[in-house]
Amino acid sequence: GYMGGRLGQYPEYELEPYVIPERLGMEVNLVERNLSFTGKDYLWYEYIPQTFNEASEKSVPLVVLLHGNHNDPRTQAETSGFLNLAAEEGFFVAEMEWQGGRQGKYAWMGMDGVESAINDILSRYPQIDPSRIYAEGLSAGGFSCTAVGVHKSYLFAAVGCHSGGVVTESIKESAILGTGYSEKSLNADAAQKRGKVTMPYFYISGTFDDAVPFVSHMDSRGPYSPIPVVAPEESFGFKAWQLYQRLNGASISTRVDFSVDQVFGIELSDRITTKAKGFIVDQGVIIVNDVPVCRLVAVDNYGHWNFVPGARMMWEYFKMFSRDPETKEIIYTNR
């Protein structure tokens, strides 16, 4: 399961509120498509806002959601905060069963399958703007979003990672996900694209996450965490920050130094500290050629779960970017 707080902070079986899309006036479609070579269908859910049918061609953004490890493929839609934003701002949401499901009834999508599903959506809904496709994921979905942002940089205008990072060579997860998700593969791709490709990256994590520990709290995980204790420089989040520094042509941080920044341990611009939902939230950006290519967010005293106010923070970041459908170059609009 997931924890929104530190181990033992909340009672067992505390209920998690979720969104009922129909009450927001959204149409929900369960989609099964035979798009793979396995003989099994891909599965995803589509969440369509009220204003969609009257929208003009190529005018509606698409946000793709990728759920956590073995979660139900409605988890991110119902608990992340993105459906409320979709109803309010009129964008289309698709949550992918990118892992194939627990029973193996559906085909495992991986990155290529996610792209196939997106292409299927674009072919059926001319209202969707191919220059404004975004991805967000929690936990394993965050690892996946980090990977697709590099390997599928031509497809997305920006990607967001919640409580995830880069799959390091030290854990077996890379064998489960495939070579393309590994630290080695991602950094090789980023090195080749460095200075040529811009991919905006939004990272958010709780500082007391005991499943995918935040860089400054590597020793604060609970007793059941499968993650080995490693140096901060070997943490999944720090590896992700380095990856996107490399890809986007920024200076690459070589070490974590809390004298530089007591929360993140790397140098960031536009550092702010605010409060949301009763939690202290630290934010900062990495800027290249006046473009905020990365925004990092840390939620103090929060665990391994969706932080709903973070969805709006991420969406406001996403909205600044689109990708030219012909040249595939990023377009930045300072809001």
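Placed above this text is the structure.
A.B. asks: I'd love a proper account of the overall build of the protein, names of residues and values included.
C.D. replies: Secondary structure summary: the protein contains eight helices and 12 strands in total. Across the 335 residues of the protein, 57% fall into the buried class. Taking the contacts inside the protein whose residues are at least 6 apart along the sequence as the reference set, 65% of them involve residues at least 24 apart. Summed over its atoms, the accessible surface of the protein is roughly 14,600 Å², and 49% of this surface lies on carbon and sulfur atoms.

A.B. asks: Describe the sheet that holds strand β4 (residues 92-96), listing the residues and the values that go with them.
C.D. replies: Strand order in the open sheet made by the 10 strands is β1-β2-β4-β3-β5-β6-β7-β10-β9-β8, with mixed pairing throughout. The outermost strands of the open sheet, each flanked by one partner alone, are β1 (27-33) and β8 (269-276). Neighbour to neighbour, the strand axes of the sheet diverge by 20° on average, direction disregarded. Pairing of strand β9 (residues 279-288) with strand β10 (residues 291-299) involves eight bridges; the strand directions are antiparallel. Its bridge partner lying in β10, Ile287 is registered against Pro292. The strands that helix α4 (residues 140-151) touches are β3 (60-66), β5 (128-138), β6 (158-162) and β7 (201-206); relative to β5, the one it contacts most, it runs at about 140°.

A.B. asks: Could you give me a rundown of the pairing of β4, with the residues and numbers involved?
C.D. replies: Within β4, five of the five residues are buried, leaving the element largely enclosed by the surrounding structure. On β4, burial covers both faces: Phe92, Ala94 and Met96 on one face and Val93 and Glu95 on the other are all buried. Note: strand β2 (residues 42-48) against β4, four bridges, orientation antiparallel. When the sheet's bridge partners are listed, Tyr45 is paired in β4 with Glu95. Two strands pair when backbone bridges link them, and β3 and β4 are joined in this way by five bridges, in the parallel orientation. Paired with Leu62 across the bridge in β4 is Phe92.

A.B. asks: How would you explain the pattern of salt bridges if you had to name every residue and give the values?
C.D. replies: Following the criterion strictly, the structure yields 16 salt bridges and no others. For Arg33, the salt bridge identified is with Asp120, shortest N-O distance 3.4 Å. Within this pair, whereas Arg33 is found in strand β1, its partner Asp120 is found in helix α3 (residues 110-124), the two being separated by 87 residues in sequence. Classification of Asp120 as buried rests on a relative accessible area of 12%. We note a salt bridge from Glu183 to Lys239, for which the minimum N-O separation is 2.8 Å. One end of the pair, Glu183, is in helix α6 (residues 183-193); the other, Lys239, is in helix α7 (residues 236-248), and 56 residues separate them in sequence. A single burial state applies to Glu183 and to Lys239, both of which are buried. Here the salt bridges share partners, and the residues they tie into one network are Arg33, Glu46, Asp120 and Arg124.

A.B. asks: Account for the pairing of β2, naming residues and giving values.
C.D. replies: Of all the seven residues making up β2, seven are buried; the element is thus mostly covered by neighbouring parts of the structure. Here β2 shows two buried faces, one formed by Tyr42, Trp44, Glu46 and Ile48 and the other by Leu43, Tyr45 and Tyr47. By the bridge criterion, seven bridges tie β1 to β2 in an arrangement that is antiparallel. The partner of Glu27 across the bridge, within β2, is Ile48.

A.B. asks: Talk me through α4; I want residue IDs and the actual numbers.
C.D. replies: Each α-helix winds once per 3.6 residues, and so residues spaced three or four apart point in a common direction. Between the first and last C-alpha of α4 there are 16 Å, a value that for 12 residues agrees with the 16 Å anticipated at 1.5 Å per step. The element α4 is largely enclosed, with a buried count of 12 among its 12 residues.

A.B. asks: Talk me through the environment of Pro130; I want residue IDs and the actual numbers.
C.D. replies: Note on placement: Pro130 falls in strand β5. For Pro130, a relative accessible area of 27% gives the class partly exposed. In this structure the C-alpha to C-alpha distance between Pro130 and Ser59, which are 71 residues apart in sequence, comes to 8.9 Å. The contact partners of Pro130, leaving out residues within four places of it in the chain, are Lys58, Leu122 and Leu155.

About the cut-offs
Numbering of residues starts from 1 in every chain and runs along the sequence as written. The model is predicted, so local features are restricted to residues of pLDDT at least 70 and side-chain atom pairs to those at 80 or more, both for listing and for counting; the totals for chains, interfaces and linings are taken over all residues. Heavy atoms from the whole structure form the basis of all side-chain values; hydrogens and water molecules are not counted. Each helix corresponds to a stretch of at least 4 residues labelled H or I by DSSP, and each strand to a stretch of at least 2 residues labelled E; elements are numbered beginning at the N terminus. Here's how the labels work: a residue is buried when its accessible area is under 20% of the maximum for its type, exposed when over 50%, partly exposed in between, all with a 1.4 Å probe on protein chains only. Should any heavy atoms of two residues lie within 4.5 Å, those residues are counted as being in contact. Accessible surface is estimated by sampling points in the Shrake-Rupley manner with a 1.4 Å probe; for residues, cover comes only from the protein chains shown. A pair of strands is considered paired only if DSSP assigns at least 2 bridges between the two. A fitted line through C-alpha atoms represents every axis, and for helices the fit uses only the stretch in contact; the resulting angles, taken between N-to-C directions, go from 0 to 180 degrees. We count a salt bridge whenever a side-chain nitrogen from Lys or Arg sits within 4 Å of a carboxyl oxygen from Asp or Glu. Any helix carries an expected span of 1.5 Å times its number of residues minus one.

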